[in-house]
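Summary of the model geometry
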Amino acid sequence: TTGYAGEGEGAPYREPNPYGKWVYALSNADLLERDADREVLTALARRKLEDPDAGVDDLLHQLGPSGRAVHEFIANTNPQHVRALIEALPDAVRGDIKALDLAARDLSALEADVILIHGRGDDIIPYTESVALAGALPPGQAELYLLEGLQHVDREFSGADGWRLWQALYALLSYRL
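Now for a description of the structure that goes with this document. (Residues numbered from 1 in each chain as written. Predicted model: local features only at pLDDT ≥ 70, side-chain atom pairs only at ≥ 80, totals over all residues. Heavy atoms only, no water.)

**Here's the deal with the overall build of the chain**
The secondary structure content of the chain amounts to 8 helices and 2 strands. Sequence-ordered secondary structure for the chain, helices as α and strands as β, is α-α-α-α-α-α-β-α-β-α. Expressed as a percentage of the 177 residues in the chain, the buried residues total 32%. Within the chain, residue pairs in contact and separated by at least 24 positions form 54% of the contacts whose partners lie at least 6 positions apart. (Helix = DSSP H or I, 4+ residues; strand = E, 2+ residues; numbered from the N terminus. Buried < 20%, exposed > 50% of the residue type's maximum accessible area, 1.4 Å probe, protein only. Contact = heavy atoms within 4.5 Å.)

Shown next as structure tokens:
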């Protein structure tokens, strides 16, 4: 949500994609206990998806502590606040984050070969997450293809990116079970 990929001085920065933030809010609204928080966070996220510059002050004051915690996490731009904001999230939201955190898992027992394709230009999930995942897998088990222009859900490629994508596809199609 902050645009920084990692912590500390010198962490790579890319302007966060507002779309990704508000889709995240929508996908987590159902995890809130209070009906009112679910409804207000959903309305707020839909308004921001329609117009990222839309005002939401009329909705913010209607949020209870859990809904406000989710909003503060999403709206945060300071990487130093992330850990505290995650700790303030409702248990169900924090549980989902923990379940998706592969850095906390021992992947050494994974027997699958992994092909990762990630764009350096992805403004929703930093490419450094795929670099970290490849590094967490046993040596030789992951093939990482970094594309220069690929956004989060692009379907059009050009130049060297087309070649790298073709290489990834070739690796996949060459795989024998």
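Past the structure itself, the notes keep going.
**Some remarks on a nonpolar patch on the surface**
Taken together, the side chains of Tyr19, Val23, Ile124 and Ile125 make up a nonpolar region of the molecular surface, amounting to roughly 330 Å² of accessible area. Mapped onto the elements of the fold, Ile125 is located in the loop between strand S1 (114-119) and helix H7 (128-136). Ile125 gets classed as partly exposed once you look at its relative accessible area, which sits at 36%. (Patch = residues over 30% accessible without salt bridge, like charges linked within 9 Å, V, L, I, M, F, W, Y side chains within 5 Å. Areas by Shrake-Rupley, 256 points an atom, 1.4 Å probe, with all protein chains shown as cover. Salt bridge = Lys/Arg side-chain N within 4 Å of Asp/Glu carboxyl O.)

**A short note on the packing of aromatic side chains**
Applying the stated criterion to the full structure yields 1 aromatic pair. Directly above the aromatic system of Tyr127 lies the positively charged group of Arg120, at a separation of 5.2 Å from the ring centroid. (Phe/Tyr/Trp six-rings, centres within 6.5 Å; stacked < 30°, edge-to-face > 60°. Lys NZ or Arg CZ within 6 Å of the ring centre and 35° of its normal.)

**Observations regarding the pairing of strand S2 (residues 142-147)**
The sheet contact formed by S1 and S2 spans 6 bridges and is parallel. Bridge assignment links Leu116 to a residue of S2, and that residue is Leu144. (Pairing = 2+ DSSP bridges.)

**What about the environment of Glu143?**
Here Glu143 shows up in strand S2. For the pair Glu143 and Asp113, spaced 30 residues apart in sequence, the C-alpha separation works out to 8.1 Å. Look past the residues within four positions of Glu143 in its chain and what remains in contact with it is Val114, Ile115, Leu116 and Ala171. A distance of 2.6 Å separates polar atoms of two side chains, one belonging to Glu143 and the other to Tyr145. (Polar contact = N/O pair within 3.5 Å; in protein donor to acceptor, adjacent residues only side chain to side chain.)

**A closer look at the packing of helix H1 (residues 18-29) against helix H4 (residues 65-75)**
Where H1 contacts H4, the axes come no closer than 10 Å and their chain directions differ by 160°. By the angle class used here, H1 and H4 are roughly antiparallel. Handedness of the crossing formed by H1 with H4: right-handed. In contact with Lys21, Trp22, Tyr24 and Ala25 of H1, H4 contributes His71, Phe73, Ile74 and Ala75. Grouping the amino acids of the contact of H1 with H4 by side-chain chemistry returns 6 nonpolar, 1 polar and 1 charged. (Axes fitted to C-alpha atoms, helices over the stretch in contact; angles between N-to-C directions. Parallel < 35°, antiparallel > 145°, perpendicular 65-115°, else oblique. Left-handed = near helix turned anticlockwise from the far one by under 90°. Nonpolar A, V, L, I, M, F, W, Y, C, P; charged D, E, K, R; others polar.)

**A closer look at the pattern of salt bridges**
Counted under the stated rule, the structure contains 4 salt bridges. One salt bridge in this structure joins Asp58 and Arg47, with 2.7 Å as the shortest N-O distance. Here Asp58, found in helix H3 (residues 57-60), pairs with Arg47, found in helix H2 (residues 35-50); they are 11 residues apart in sequence, far enough to count as distant. When its relative accessible area of 29% is taken as the criterion, Arg47 is described as partly exposed. Close ionic contact of Asp91 with Arg94 constitutes a salt bridge, the shortest N to O distance being 2.6 Å. Taken together, the residues Asp91 and Arg94, both in helix H6 (residues 91-100) and 3 residues apart, mark about one turn of the helix.

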